[in-house]
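Residues per chain, in single letters:
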Amino acid sequence: MLAGTAGVIACGLLLAAPVVGQDAGPNRDAPKSLLPPGFDTPAPAPSAAPAPLLPGTAAPPPEAATAEQVPLLTGQPGDVTPPAFVETQTAAALPPGAPIGIIDAAGGAFAADAFIGSNGRFLAGLANRIAGPVASRWVAITLGRALASRVPGPAGIGDGDWVAARAGLLVRMGAVDPARRLIDVLPQERYTPATYRVAGEVSLAAADLAGLCPIAATGRALFDDVMWDLAWGMCAAMDGDDITAAGVIDTVRSRRGALPAFDLRLAQRVVVLAGGAGRADGINWAEEEGLTPYRYGVASAAGVTVPADRLAALGLAHAGWAVRNAALPTATRFALLRQAAVLGTLSADELASAVAALAPADASGGFAADSRAGRLRDAFTGSPQDRAEAIAAIAGDHDYGGLLEAATAAAALKPAAALAGRSDVIIAALLAAGNTRAARAWWPVAQDADDDVRVRAQALLAAGAGVAMDSGDVRAWRDAAKASPRREAMLVAALSGLGQARGLDRDGFKTISNRWTAALASAARRRAAGEVALLAATGLQGGWADVPPAHVEAIVASLMACGRVTEARLLAAEAITRSA
């Protein structure tokens, strides 16, 4: 925190706290492409212009979870979870040429050859064109791990631009905390204009105005964007320089049309609170429509409640930002927990802990039996049968967020023959959370269940744990799951990518071959797993309903080929679970 910052605003600056499409079927004549230009057409891909940070303009459509807090609910750890981003590297101690990242091998980082033979400018271009969270939770987690790993970067790009591309994509996927940490480990003398721009975006997404202060002066010189002028003024106030702060506010006010009066009042509120003198103007959200990153970040830091119904204007990534923003109302954060977990920015353990921490209590101080927290409590207590029923109630109709919320309780439940009737739901929850070994342990139980439960479990474990499945099993699963042609095609595509589709009917989809699949195959042959993860994300933009089965096949096969077997299996299981 800058020297001279007033206590009232300092409290507002520590806000990024850890939390205590259309389905047209597989035979669509003209499927919507999820690939960037140039992969499925011969035209070269144009570079996208960066979104401005001007207050009052439309917000750009913006992971992975931290694990600093002690969970309120504990369970068995999964095989793969969102990585714990720890600050084991500092900018001051970073020698020239050293790899830049925030997780190492002990934290699950990718290997040193993650970007071997990769073209840095090409990868940065891909990253900059991914406008928001990708469809798959497990591809998002895999990509987040690759972007955060402390490994040598690709050739042909400097540290500043490579960190900017990585941090910018992380924040657009909802992973604001790792994005901020990644920016923080880069020495400022290595910043490029792209680094300054992304650092500003990250600071606003994290509601961390103090993060703007070391870069505000250079930002003003680099960009014709009034946001940087306001950052300079707010930072001057936080540093005790009221004269400079007042002068900046007056200058911006005199530039008629430079920004809406609402945005100027937000900055003026920070200046007044930081100076500790005078009375800050009230903020009336009815004056302006929409929500920009500037309004979100400055309002949060200044103690102004951001209306819950405005958050969606920030794009799909807003759930990942908001659940860690202690300035938002508890009810707002609570409502977004499942969405953040599906994005990959919360682990299953964090999700369960946050439900217990943020859920509203009843008059007795406990949780009502029919509430989310009450059902989660029941999933950890009582007889095994009662716990299994509570897990099924939380999961609903295999809702992916519900499965994640139930996963920690499922991991604490031991396989037992008496629970065979719920084994498919328990297996689905464990695989959603990445716990492949625990899921596999339920197969002997599921085999003794009725036929419908058995084949539903078999399909998930064929993908997640390599259980055998033949064409007769696929037909039985299709009938038991009432699977659409698209979902059946997704099952076959997932198993094909894993190399387990011999003898299965592939009429529901066709393997594709284009520049994107060629790039995936090339990266996989080099075992450049970081490049594979980034290319995978380019093929999964948009909602899950828009994901073609052929894309899942290509991505799963490439992850297998480059050694990311667990992630490949978890994506395959996710594809089966989430497809309609």
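Before going into details, it helps to say that this report is about the structure given with it. (Residues numbered from 1 in each chain as written. Predicted model: local features only at pLDDT ≥ 70, side-chain atom pairs only at ≥ 80, totals over all residues. Heavy atoms only, no water.)

Things to note about the overall build of the protein chain
Note the threshold: What counts as a helix is a DSSP run of H or I of at least four residues, what counts as a strand is a run of E of at least two, and both are numbered from the N terminus. Per-residue accessibility, obtained with a 1.4 Å probe over protein chains only, is compared with the maximum for each type, and a residue is labelled buried under 20%, exposed over 50%, and partly exposed between these values. Residue burial considers only the protein chains on display, and all accessible areas are found by Shrake-Rupley using a 1.4 Å probe.
Across its full length, the protein chain carries 28 helices and zero strands. By the burial criterion, 56% of the 580 residues in the protein chain qualify as buried. Within the structure as shown, the protein chain displays about 21800 Å² of accessible surface, and the carbon and sulfur contribution to it stands at 53%.

Some points on unusual backbone geometry
In most cases, non-glycine residues show a negative phi, while peptide bonds are predominantly trans. Backbone geometry places His398, a non-glycine residue, at a positive phi of 55°. Even without being glycine, Arg527 reaches a positive phi, approximately 60°.

Quick look at helix H24 (residues 485-497)
Heads up, the condition is: Expected helix span is computed as 1.5 Å times (number of residues minus one). It only takes one pair of heavy atoms within 4.5 Å for two residues to be counted as in contact.
With 13 residues, H24 extends 18 Å between its outermost C-alpha atoms, agreeing within 8% with the 18 Å of an ideal straight helix rising 1.5 Å per residue. Counting buried residues in H24 gives twelve out of 13 residues, a clear majority hidden from the surface. Within H24 the residues assigned to the buried category are Arg486, Arg487, Glu488, Ala489, Met490, Leu491, Val492, Ala493, Ala494, Leu495, Ser496 and Gly497. Buried residues along H24 sit against helix H22 (451-465), helix H23 (471-480), helix H27 (549-561) and helix H28 (565-578). Directly after H24, the chain includes Gly499, whose backbone phi takes a positive value near 80°.

Brief notes about the environment of Ala521
Mapped onto the elements of the fold, Ala521 is located in helix H25 (residues 515-525). By relative accessible area, Ala521 is classed as partly exposed at 31%. Measuring from C-alpha to C-alpha, the distance between Ala521 and Cys562 comes to 9.3 Å, with 41 residues separating the pair along the chain.

Considering the side chain of Thr195
Structurally, Thr195 can be placed in helix H6 (residues 193-205). Setting aside its immediate chain neighbours within four residues, Thr195 contacts Gly160, Asp161, Ala164, Ile183 and Leu186.

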